[in-house]
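# Topology and contacts: notes
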Amino acid sequence: MDRNDPLDQSVASLGGIGKQTANKLEKLGIRTCQDLIFHLPHRYEDRTRIQAIGAIKPGMTALIKGKVELTDTLLRGRKSLICRIGDGTGFINLRFFHFSAAQLTQLSPGTYISCFAEVRHGYAGLEMIHPDYKILSNPEQSITEDTLTPVYPLTEGLSQSLLRKAIKQALNLHLKNLTDWLPESLLQRFNYPTLIQAINFLHAPSSEQMTAETLLQNDNPARKRLAFEELLSHHLSLRVVREQAREQLAPPFSIDETTRRHFLKSLPFQLTGAQQRVIAEIEADCSRQQPMLRLVQGDVGSGKTVVSAYAALLALAAGYQVAVMAPTELLAEQHFRNFTAWFDRFQTQIIFLTGQIKGNTRKTTLETLEDGSAGIVIGTHALFQESVTFKKLGLIVIDEQHRFGVHQRMALRDKGRNAGIRPHQLVMTATPIPRTLAMLQYSDLDISIIDELPPGRKPIVTSVIPSERREEVIARIGHWVAQKRQAYWVCTLIEESEALQCEAAEKTAELLTQVLPDIRIALVHGRMKAADKDAVMQDFKNHQIDLLVATTVIEVGVDVPNAGLMIIENPERLGLSQLHQLRGRVGRGKDDSYCLLLYQSPLSDTARHRLGILRDSNDGFVIAEKDLELRGPGEVMGTRQTGQMQFKIADLDRDTDLLDNIPTIAESLLHHSTDAVQPLIKRWLGETVNYAEV
Ligand code: ADP
Ligand code: MG
């Protein structure tokens, strides 16, 4: 914080704000006067004109003025104070459930009053519940406001009027000190107002320009301009992280031809062209003295794991340790098995670490990392707990990136810091991020794409089937298993309720066991112990189980090539990208594979359309783009995917069109207006983000 900058003055410097209020404001992320100025309304009220009572309708929010005709307390039902107001055009009742004796006298008949509230249907005509009201000294007293009244996001114990006053003060004192960092030429090009005009307008818009209802929905230039500036600032913050990371030192890796050949020969397959290309990109990154920050995107089954194993080889050959982090235990275990097989011919100790590993085993595991005897550790986010220290960490691999936020990613980078040396970082995701969104989420990373599947894969044949044909589907499993093939049955429920999901899977497994008595059926779900889950998966892999009933825990990474049939129950409940990920569990071998989407009828038109997209395409990128079109970026990115990304005014669904221009403008600011960068980040992302330590 710069104490000399008036905008950085604490909110406590303003009149009427004591320590307590300052603490409450802090809960809203407001510490300085600038924070107050950028605390923007989320809606408006229109108190610019008085409505005739005879003309108002339920649902409207209206300002009225009238004379108290009658005031009474009702004891029937919930005790309440009723006050009848008339203005010559009609009558309305005010209703208070909490009231004082003083209010009763204050609202005596004959008093003039103004009220503002939403109008609704009451027992006896129109009514307003707990309106904002003012007693008037005479009927002529002016009650209207010149501009729309801003309504700000609040926190407990903070009143709208206190916040309004504080913001007004901050604006009066400091608005003039705001620097407009957007270049003049840009404002002209997009027809944007200046920063001061935009801020002024949004805190106090005149009702001629806009109505309270439409102001935040339309293409109002003041709002657009600020949304643009905010998105730009988010993008800039990632770019700064990236540039700062590039200034760090990392260990350069290189390997000799023999080691390389040795490794490639120990693989049970030949790398695809796309894998080779991405490996070359990784190798070039790691040969430098700056940390690699690379995201590998590749559809499910495109073979990302082996690419990360090759990166691990580079680190090992240079004498460095590798940490591989997966989002689930199941997936970590699978990576552990793959790595163990692929590095079989190398003298490398590979260890496994999750939260489940406790006591002495944990202790010895941690020791092998600390003394450097373990070369590779594979695990879940338990890997990045404080107790875990590395002797010489040279590479971090994060699988299925979309589950981790930007800030978590940065924390991890910090983890491997050792004597000024940072590890290289490789991030892998199967969720294709459309270009525009990648810009807000991954601008700190370089992107490689594996756009080719291993040879011999046939497209998965997907059908959309109503639940009325369930018996037919079950019979099909019978025939399938008779041909020595295996299958998945996936039970889905709304994600929040894992318990219900497990219960549904248990019931389904029971039912299927009854109707398919000759088939070996097992169950795997998120509430099982890791060891039990592992045992079931291992049996399935060894073909000791024919049909695996599962919850969406198998979404990521599980690999059993002989399992070529998947039934997904209630697919209409999941997003397209998630369904595509699930479906990616089949189609991993050379034989035909099928996915049956067993929906609950009736299906809405949109749901039918969405499932149709999945039926017609096997391309994760195409599906992600369509998903984006149908659901909008806000939904697709979700909170899980955006980490802590929160906007003050921008809305990804509404402001997608703004994103296109951001990279070029960011580029030009980074090169020609360096002064603008940090202040913009501070203005929009606040002081909480500390990039200095990245
Ligand atoms: P994902 O990209 O979804 O993580 P995986 O790394 O799990 O994919 O690979 C999917 C399957 O394909 C695994 O069984 C893996 O061993 C196999 N695989 C990877 N690369 C190739 C290749 N070039 N040729 C044949 N099979 C491959
Ligand atoms: Mg994978």
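A short tour of the structure in this document, coming up. (Residues numbered from 1 in each chain as written. Chains lettered and ligands numbered in written order. Predicted model: local features only at pLDDT ≥ 70, side-chain atom pairs only at ≥ 80, totals over all residues. Heavy atoms only, no water.)

## Observations concerning the overall build of the chain
When its secondary structure is counted, the chain shows 23 helices and 21 strands. Buried residues in the chain amount to 53% of all 694 residues. The long-range share in the chain, meaning contacts at least 24 apart out of those at least 6 apart in sequence, stands at 75%. Entry remark: accessible area of the chain is about 31200 Å², with carbon and sulfur atoms responsible for 49%. (Helix = DSSP H or I, 4+ residues; strand = E, 2+ residues; numbered from the N terminus. Buried < 20%, exposed > 50% of the residue type's maximum accessible area, 1.4 Å probe, protein only. Contact = heavy atoms within 4.5 Å. Areas by Shrake-Rupley, 256 points an atom, 1.4 Å probe, with all protein chains shown as cover.)

## Brief notes about the site of ligand 1
Close contacts around ligand 1 come from 16 residues, with Q270, G301, K304, T305 and D559 the closest. Separating an oxygen atom of ligand 1 from a backbone N or O atom of G301 is a distance of 2.6 Å. Contact between ligand 1 and K304: an oxygen atom at 2.7 Å from a side-chain N or O atom of the residue. Considered class by class, the residues forming the shell around ligand 1 number 4 nonpolar, 7 polar and 5 charged. (Near = heavy atom within 4 Å. Polar contact = N/O pair within 3.5 Å; in protein donor to acceptor, adjacent residues only side chain to side chain. Nonpolar A, V, L, I, M, F, W, Y, C, P; charged D, E, K, R; others polar.)

## Comments concerning the packing of aromatic side chains
Tallying each qualifying case throughout the model produces 16 aromatic pairs. A centroid spacing of 6.3 Å and a plane angle of 85° characterise the contact between F269 and W342, whose relative ring orientation is edge-to-face. On the criterion of sequence distance, the pair formed by F269 in the loop between α8 (257-266) and α9 (273-286) and W342 in helix α11 (residues 329-342) is long-range, its members being 73 residues apart. The exposure class assigned to F269 is partly exposed, which follows from its relative accessible area of 36%. Linked through ring pairs, F263, F269, Y310, F339, W342, F343 and F346 together constitute an aromatic cluster. In this structure, K392 packs its charged tip against the face of Y320, placed 4.5 Å from the ring centre. We note R476 situated over the ring of Y594; from NZ or CZ to the ring centre the distance is 5.2 Å. (Phe/Tyr/Trp six-rings, centres within 6.5 Å; stacked < 30°, edge-to-face > 60°. Lys NZ or Arg CZ within 6 Å of the ring centre and 35° of its normal.)

## Quick notes on the state of the cysteines
The final tally for this structure, using the stated rule, is 0 disulfides. With no disulfide of its own, C83 lies 7.3 Å from the sulfur of C115, the closest cysteine sulfur. Classification of C83 by relative accessible area gives buried; the value is 0%. (Disulfide = S-S within 2.5 Å.)

## Brief notes about the sheet that holds strand β21 (residues 594-599)
One open sheet holds the 6 strands; their spatial order is β16-β21-β20-β17-β19-β18, and the pairing between them is parallel. Edge positions in the sheet fall to β16 (461-466) and β18 (521-524), since each has one partner strand and no second. Here the average twist between neighbouring strands, direction ignored, is 20°. Relative to β21, β16 runs parallel, the two being bridged by 6 bridges. (Pairing = 2+ DSSP bridges. Axes fitted to C-alpha atoms, helices over the stretch in contact; angles between N-to-C directions.)

## Considerations on the packing of helix α22 (residues 662-672) against helix α23 (residues 674-685)
At a minimum axis distance of 5 Å, the contact between α22 and α23 shows a crossing angle of 115°. Side by side, α22 and α23 meet where L669, L670, H671 and H672 of the first sit next to T674, A676, V677 and L680 of the second. In terms of residue class, the contact of α22 with α23 is built from 5 nonpolar, 3 polar and no charged.

## Focus on the sheet that holds strand β9 (residues 293-298)
Taken together, the 7 strands give an open sheet; going across it, the order is β11-β12-β10-β13-β14-β9-β15, and neighbouring strands pair in parallel fashion. Every other strand in the sheet has two partners, leaving β11 (349-353) and β15 (446-450) as the edge strands with one partner each. Taken over all neighbouring pairs, the strand axes of this sheet differ in orientation by 20° on average, direction set aside. Relative to strand β12 (residues 374-379), strand β10 (residues 321-325) is paired through 4 bridges, and the arrangement is parallel.

## Points about the environment of A62
Positionally, A62 belongs in strand β2 (residues 61-74). By relative accessible area, A62 is classed as buried at 1%. In the structure, A62 is positioned 13 residues away from R49 in sequence and 8.6 Å away in space, judged by C-alpha atoms.

## Overview of helix α10 (residues 304-317)
For α10, with 14 residues, the first-to-last C-alpha span of 20 Å sits near the 20 Å given by 1.5 Å per residue. Of all 14 residues in α10, 13 are buried; the element is thus mostly enclosed. Positive backbone phi, at 85°, marks G319, one or two positions downstream of α10. (Expected span 1.5 Å × (residues − 1).)

## A look at the pattern of salt bridges
By the definition in use, this model includes 28 salt bridges. A salt bridge links D655 to R223, with the nearest nitrogen and oxygen atoms 2.9 Å apart. Taken as a pair, D655 in helix α21 (residues 652-659) and R223 in helix α7 (residues 221-246) lie far apart in primary sequence, 432 residues in all. We classify D655 as buried; its relative accessible area is 0%. With relative accessibility at 0%, the residue R223 sits in the buried group. It is possible to trace a salt-bridge network through shared partners that takes in D180, R225, E229 and R683. (Salt bridge = Lys/Arg side-chain N within 4 Å of Asp/Glu carboxyl O.)

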